[in-house]
Amino acid sequence: MAVDFCPPSAVGLTRFSLRIFFVSLSSLYMAGFALRFHSQQDLIFDSPISTPSEPSNITMDSKSYGKCLEEATQLRCTFKMVDAHFFNGTKVVEVAKDAVEFNLPIIRSNRRLVASENGGLHNPSCLVFNPEWTHKHVDNTSKRFQYPALPGIRRPKSEEDIAFMSILELGELIRTNQITSHELVQIFLQRLKRYNPVLEAVITSTDELAYKQAKEADELIAKGVYLGPLHGIPYGLKDIIAVPGYKTTWGSRSFKDQVLDIEAWVYKRLRSAGAVLVAKLVSGSLAYDDIWFGGRTRNPWNIEEFSTGSSAGPAASTSAGLVPFAIGSETAGSITFPASRCGVTALRPTFGTVGRTGDKLGPFCRSAADCSVVLDAIRGKDPDDLSSRDIPFRDPFSIDIRKLTVGYMDDAEMEVVHVLKAKGVNMVPFKLNYTVDSVQGILNFTMDVEMLAHFDEWQRTGQDDIYEAQDQWPTELRRSRVISAVDYVQAQRARRKLIEEVKKSFTVDAFIGNATDWEKVCLGNLVGLPVIVIPTGLKNISNPPSKGTRRRTTINTGIYARPDHDHIALALAIAYQSVTDHHKQRPPIDDLGPNDKIPDPPTVVIPPRRLHP
């Protein structure tokens, strides 16, 4: 019978490793054993495609025969893992010999050169993704725009009201000497310490640095120097972003004491704009979901839920008024998912808009206007990030949206469609057409292989065994170890086909659709589309307490634009939020209802994460 499966008795996959591929089979080759056995049951390992003549005079005792049979079966299983079982026995043995003699020395040499450190901060790949659809020269890449004036803004009496003011409002209070940066730092540090025991959204408070930077900001104001709307404004960074002198833990138990002597590009940009760092906020472990070495971050709108990830800390902290804004990142849903869950406005920019010196970095804010201000401050080419670019970024406050044609998909929030139509936007039904049927698989191949390249040493030394959630990165990165280079390249070719088809199908200036639909998340990240997530309402939670609760489930949608047209998505979101107040709502973390209390410590059992399809 032809063996087209992996017999359990011969495999034992928990013990079976690719070592057999490279080592054990060299002994088969040296023995001249060609993987064809004839016995009473006629086990045949050759491909049906070809059956070359093979030695028939092999002599061995039953013990050697049994060992070779077991090793041959294991090898055949190895080839099946990479869909390469079309090789006949002779070719399989030839591959094994050449792998040992040729591939292994190169693999090990490259590991010594570039894979001895985790994180990928050094020795970046020369393969760089560029999402541009046109290569026209633009001359406004570095030009900053004029922010809207907010005359008549007065300082509220309540610190709670101050905590939920927008960046532009707080900036006006600082500019007009109604409040100092030092006072703002005090307010937000107190809130961080007050609510973090419940939300589990903060990894490190940067008190000393915050007061130092606030003092510098106040001294500049006293001298008549105002750097712009971020001057003196507190903010938080997702803890994958390095700040000298402070831990950068990546949310992982393996790196919880790591201090990187690196000043990340985005931190430099915000510091030069006068912003004040008050906290390093939770990243899900190694930027995956919301579980980290200290717990699991909660949703301020419904603390029995988790925020999702991996920009869990930035989303929850901004939602709860612990910071006016925060910087998160996304590879596949890490901005869009937590922003949607926590009811905040957040922007995943065009890939390459913000230097990473690592990921697509983007702002979590109170409003689209605030996102525009932050993006304007952090955009630009990072000399240490080959994927970053100086992109055109027109003033979103000056866009005439009446000249835009905007599509809406079947899953768009229709309130947004109606509001924009009432403001003069040409709204049309829309659907993206493409033939690539493996979008989600391409995303996983791309993300997992590149992630493993960054954390190769982490896996090889067994640190994945202490990872916070074993059904997440450990599982994905183990299977990515056996994605062949050929199939990775084929995935990128399919990705290019997807990009061309989406480009052809993108017949509108922007479109509105679900921000957390997994297919759209994968497609948007593969193609490099910017999307802004905006809150559009609230609804009752499932199974509320009998006497009621103020906890809510947030409703939201996404506005997607072409690559390098972030200003279009922002302009539409600004227009929608100019006549609605969903983005101004505050989560009920202090007043849940008569029969609903905040558990301290949290009491909800952490369920196993269901992997995306």
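Scroll up a little and you will see the structure.
Residues numbered from 1 in each chain as written. Predicted model: local features only at pLDDT ≥ 70, side-chain atom pairs only at ≥ 80, totals over all residues. Heavy atoms only, no water.

## Examining the environment of P349
Assignment of secondary structure puts P349 in the loop between β9 (345-348) and β10 (360-365). Residue P349 is classed as buried on the basis of its relative accessible area of 1%. Sequence-wise, P349 and S329 are 20 residues apart; in three dimensions their C-alpha atoms are separated by 9.8 Å. Leaving out residues up to four positions away in the same chain, P349 has contacts with V354, K360, L361, G362, L375, P530 and D566. (Helix = DSSP H or I, 4+ residues; strand = E, 2+ residues; numbered from the N terminus. Buried < 20%, exposed > 50% of the residue type's maximum accessible area, 1.4 Å probe, protein only. Contact = heavy atoms within 4.5 Å.)

## Considering the side chain of S317
With respect to the secondary-structure elements, S317 resides in helix α10 (residues 312-319). S317 has contacts with A201, L281, L322 and V323, leaving out every residue within four places of it along the chain.

## Overview of the sheet that holds strand β1 (residues 202-205)
Strands sit in the order β1-β3-β2-β8-β10-β9-β14-β15-β13-β11-β12 across an open sheet of 11 strands; the sheet is mixed. Pairing within the sheet leaves two strands with one partner each, and these edge strands are β1 and β12 (426-429). The sheet shows a mean angle of 30 degrees between the axes of neighbouring strands, direction not considered. (Pairing = 2+ DSSP bridges. Axes fitted to C-alpha atoms, helices over the stretch in contact; angles between N-to-C directions.)

## Quick word on the packing of aromatic side chains
Scanning the model with the defined rule gives 15 aromatic pairs in all. Taken together, a centroid distance of 5.3 Å and an interplanar angle of 50 degrees make the contact between F129 and F351 tilted. Taken as a pair, F129 in the loop between α4 (89-114) and α5 (159-163) and F351 in the loop between β9 and β10 lie far apart in primary sequence, 222 residues in all. The burial state of F129 is the same as that of F351; both residues are buried. Aromatic rings pair up to connect W133, F430, F506, F511 and Y560 into one cluster. One Lys or Arg, R296, reaches over the ring of F306 and ends 4.3 Å from the middle of that ring. Note that R495 overlies the ring of F129, its terminal NZ or CZ placed 4.0 Å from the centroid. (Phe/Tyr/Trp six-rings, centres within 6.5 Å; stacked < 30°, edge-to-face > 60°. Lys NZ or Arg CZ within 6 Å of the ring centre and 35° of its normal.)

## Here's the deal with the pattern of salt bridges
This model, assessed by the stated rule, comprises 29 salt bridges. Close ionic contact of D257 with K247 constitutes a salt bridge, the shortest N to O distance being 3.4 Å. Here D257 is found in the loop between β2 (234-238) and α9 (265-272), whereas its partner K247 is found in the loop between β2 and α9, with 10 residues between them in sequence. The class for K247 is partly exposed, based on a relative accessible area of 35%. Its salt-bridge partner being R296, residue D290 comes within 2.5 Å of it at the nearest N-O pair. D290 sits in the buried class, given a relative accessible area of 1%. The class for R296 is buried, based on a relative accessible area of 8%. Among the charged side chains, a salt-bridge network with shared partners connects E132, R389 and D564. (Salt bridge = Lys/Arg side-chain N within 4 Å of Asp/Glu carboxyl O.)

## Side note on the side chain of K280
Relative to the helices and strands, K280 is located in strand β3 (residues 276-281). Within the structure, the side chain of K280 is placed 2.7 Å from the side chain of D239, a separation counted as a polar contact. At a separation of 3.1 Å, a polar atom in the side chain of K280 contacts the main-chain carbonyl oxygen of I241. Residues in contact with K280, not counting those within four places in the same chain, are V202, I203, T204, T206, L237, K238, D239, I241, V243, K247 and T248. (Polar contact = N/O pair within 3.5 Å; in protein donor to acceptor, adjacent residues only side chain to side chain.)

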